[in-house]
Amino acid sequence: AGAGTDVDARKELLMNLVLSGAGSRFQGLDTRLNKELTAMTPSAYRVKVLSGKKGERMNAAWIGGSILTSLGSFQQLWLSKAEYEEYGSTLAVQRFP
């Protein structure tokens, strides 16, 4: 688990898995995911699956998106409508490889 991620970030990522959306409401999903990922990862890594209250999980993606878009560093990555109309999808591919 996490084999495709940067080695330095892997440990941190596995300790901060967040379930959100309608699919996260399946009973026992967080427990099962935690158990299966723990079995797949080296013992040096600690797996922690986080799931909020049902209402929070349904809106977590929207809340996270609103926080992300309010960050100045993220706003620098935006592709404006004018830029897209001028350069098309080629600019998007170049900017977001």
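Residues numbered from 1 in each chain as written. Predicted model: local features only at pLDDT ≥ 70, side-chain atom pairs only at ≥ 80, totals over all residues. Heavy atoms only, no water.

Draft legend 1. Representation of the overall build of the protein chain in the model. Looking only at helices and strands, the protein chain has six helices and two strands in total. Listed by position from the N terminus, the elements making up the protein chain come as α-β-α-β-α-α-α-α. Taken over C-alpha atoms, the radius of gyration comes to 18 Å for the protein chain, far larger than the 13 Å a tight globule of 97 residues would show. In the protein chain, which comprises 97 residues, the proportion classed as buried is 11%. Accessible surface, the protein chain as shown: approximately 7600 Å² in total, 58% of it carbon and sulfur. Here the protein chain contributes 12 positive and 9 negative side-chain charges, whose respective centroids are spaced 13 Å apart. (Helix = DSSP H or I, 4+ residues; strand = E, 2+ residues; numbered from the N terminus. Rg over C-alpha atoms; globule rule 2.2 N^0.38 Å. Buried < 20%, exposed > 50% of the residue type's maximum accessible area, 1.4 Å probe, protein only. Areas by Shrake-Rupley, 256 points an atom, 1.4 Å probe, with all protein chains shown as cover. Lys, Arg positive; Asp, Glu negative; His and termini not counted. Charge placed at Lys NZ, Arg CZ, Asp CG, Glu CD.)

Draft legend 2. Representation of the pattern of salt bridges in the model. Within the structure shown, the criterion is met by three salt bridges. The salt bridge involving glutamate 36 is made with arginine 32; its shortest N-O contact spans 2.6 Å. Taken as a pair, glutamate 36 and arginine 32 lie in helix α2 (residues 29-40) at a separation of four residues, close to a single helical turn. When the shortest N-O distance is used, the salt bridge between lysine 81 and glutamate 85 registers 3.9 Å. With lysine 81 and glutamate 85 both in helix α5 (residues 81-87) and four residues apart, this pair spans about one turn of that helix. (Salt bridge = Lys/Arg side-chain N within 4 Å of Asp/Glu carboxyl O.)

Draft legend 3. Representation of the environment of alanine 61 within the structure. Inspection of the secondary structure puts alanine 61 in helix α3 (residues 54-70). Counting along the chain gives 26 residues from alanine 61 to lysine 35, while the straight-line C-alpha distance between them is 24 Å.

Draft legend 4. Expanded view of the environment of arginine 57. With respect to the helices and strands, the residue arginine 57 is situated in helix α3. Arginine 57 sits in the buried class, given a relative accessible area of 12%. Distance from arginine 57 to methionine 40, taken between C-alpha atoms, is 25 Å for residues 17 residues apart in sequence. For arginine 57, the contacting residues outside a window of four places in its chain are Leu19, Ser20, Gly21, Ser24, Arg25, Ser51 and Gly52. (Contact = heavy atoms within 4.5 Å.)

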